[in-house]
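Chains, contacts and geometry: an overview
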Amino acid sequence: MPDRLEERLRALAPEVEFPPTPELAAAVLPRLAERPARRPLFAPAHRSLALAAVALAVLAAAAAAVPPIRDAVGDLLGLRGATVQRVPRLPASPGRVDLGRSVPLATAARRAGFEIRLPADRALGRPDGAYVRGRPPLAQLTLIYRPRSGLRRIAAGPVGLLLTQFRGDLDPDLIAKLVGPGARVRRLSVGSSPALWIEGPHSFVYRDARGRVRDEARRLATNTLLWSRGPVLLRLEADVSLRRALEIARSVR
Amino acid sequence: MVGRPLPDGELVSRAKRGEAAAYEDLVRRHARIAFRTAYLITGSAADAEEAAQDGFVKAHGALGRFRPGAPFRPWLLQIVANEARNRRRSAGRRAALALRAVAEGPSEGAAPLPERALLAAEERAALFDAVEALEERDRLVIVCRYLLDLSEAETAAALGCRRGTVKSRLSRALERLRAAEGVEALHA
């Protein structure tokens with residue numbers, strides 16, 4: 001005898017409570033590649049290894065063949081945690097902005113393992129999201145600001161400005177900036193900290209928590225300001241003028 | 001005039017061409033089912049959120065492998081469910097579910113529930129309790145198929161088993177529910 005059990009189970013569905021669905025689109029979009037890969041280059045398990053290998057190869061090539069400007073940057077300017085190397089060709093980038101995981105701003109400091117620096121700049125306002133990649137002490141925190149008047153979109157997702165922060169005092173080579181032939185690098189200062197302003201094609205490699213060199217695998221067509229505040233190294237990326245970038249950097253508390 | 005929402009297949013093709021807005025539509029459309037599926041597997045809302053986020057990012061990166069014309073949702077749920085299984089911390093953790101609260105007595109200013117509605121609410125509560133009392137494997141297959149309204153293929157993807165297994169597990173679970181209800185009726 002049919003007992004309508006399946007029907008009654010279906011009727012139960014709207015009455016059952018699940019935890020509220022979080023806002024996923026806002027967290028997912030900034031993490032997407034410009035365009036998905038047409039076919040997988042590597043099996044997923046080997047992909048990060050392959051990226052690391054590419055980055056290492058590029059680093060090795062850069063160290064061997066190109067007079068690096070890293071000495072000038074690292075030693076003369078004392079910008080701890082970052083090195084800059086000029087390379088003849090930038091590594092191919094899948095264009096993905098891998099920021100790590102979206103976290104509430106309130107818990108971001110705890111997850112990153114250091115005190116976050118927030119710009120007090122009025123026109124910039126509050127960040128629209130916070131991301132943490134890796135674990136302390138080598139975690140990387142990124143604050144995202146959506147595109148708005150004065151902030152052009154710089155990635156596939158809704159990103160107008162990225163402010164990334166690391167502990168720069170732990171490893172002098174934590175991140176390395178690879179600068180392509182067309183890029184311009186200027187030395188400046190933000191407060192008492194040395195700073196670097198980079199315009200033109202460039203990309204980053206970084207060292208993960210296990211000490212492996214990883215390609216950050218992104219190429220934002222935009223300008224970058226690198227400076228430090230205490231032990232924290234900051235990197236601002238946006239399509240803004242040097243003057244505006246400095247304004248924002250100087251407002252960081 | 002507002003256009004008719006585009007089918008998943010069209011959004012997938014656009015997303016493959018690099019249209020972020022098309023993928024955003026897909027994320028919005030499937031966020032709830034992805035999150036709930038992940039929640040059932042991890043038993044934790046925080047882990048489910050991470051799994052769903054990472055699942056959507058990975059699915060986007062893998063769109064090149066997506067077979068045109070295939071349904072998007074089972075494919076997505078498989079990726080999300082894998083992420084969720086990787087995060088499952090202890091096998092014993094069960095996703096807590098609850099029935100929407102029904103006012104017990106007439107609250108201030110509100111009319112008391114008609115008797116029929118009250119009876120229906122009680123029956124629903126009894127059925128829900130019977131589902132909750134099932135052993136985890138049976139409970140999961142019932143929740144996926146009827147409470148999340150997943151297809152057989154989607155349930156298989158979510159639970160990481162074959163469709164045939166879903167079928168047999170489901171009929172066994174239904175039998176056990178019927179048996180449990182029969183016992184209730186005898187005691188009533």
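Just so we're clear, the structure is a prediction, and the values are computed from it rather than from any experiment. (Residues numbered from 1 in each chain as written. Chains lettered and ligands numbered in written order. Predicted model: local features only at pLDDT ≥ 70, side-chain atom pairs only at ≥ 80, totals over all residues.)

1. Comments concerning the overall build of chain A
Selection criterion: Here a strand is any run of E in DSSP of at least two residues, a helix any run of H or I of at least four, and the numbering for each starts at the N terminus. Contacts here follow a simple rule: the backbone-placed C-beta atoms of the two residues must lie within 7 Å.
A count of helical and extended segments in chain A gives 6 helices and 13 strands. The long-range fraction of contacts in chain A, counting pairs at least 24 apart against all pairs at least 6 apart in sequence, stands at 64%.

2. Describing helix α2 (residues 20-42) of chain B
Residues and elements named next belong to chain B. Rules: The span expected for a helix works out to 1.5 Å for each residue beyond the first. What the bend at a residue measures is the angle between two axes, fitted to the seven residues ending there and to the seven starting there.
Given a rise of 1.5 Å per residue, 23 residues ought to cover 33 Å, yet the end C-alpha atoms of α2 are separated by just 29 Å, more than 12% below that figure. The sharpest bend along α2 measures roughly 55 degrees and falls at H30. Where α2 terminates, the next one or two residues include G43, which has phi positive at roughly 75 degrees.

3. Topic: the confidence of the model for chain B
Caution applies to low-pLDDT regions: their predicted coordinates should not be interpreted in detail. Here is the rule we go by: Summary of the metric used: pLDDT quantifies the predictor's per-residue confidence within the range 0 to 100.
The predicted model of chain B has a mean per-residue pLDDT of 85, with 84% of residues at 70 or higher. Here the predicted complex scores 0.56 on pTM and 0.85 on ipTM.

4. With respect to the pairing of strand β12 (residues 223-229) of chain A
All names here are of chain A. Quick reminder of the rule: We call a residue exposed when 12 or fewer other C-beta atoms sit within 10 Å of its C-beta, buried when the count reaches 20 or more, and partly exposed for counts in between; the C-beta positions come from the backbone. DSSP bridges decide pairing: two strands pair if at least two such bridges lie between them.
Taking burial as the measure, the 7 residues of β12 include 6 buried ones, the bulk of the element. Alignment of strand β9 (residues 193-199) against β12, held across 4 bridges, turns out to be antiparallel. Each residue of the ladder has a partner; that of A195, found in β12, is W227. In this sheet, strand β13 (residues 232-238) lies alongside β12 in antiparallel orientation, the contact comprising 7 bridges. Considered in β13, the bridge of S228 is made with L233. What sits between β12 and β13 in their antiparallel hairpin is a turn of 2 residues, with G230 showing a positive phi close to 60 degrees.

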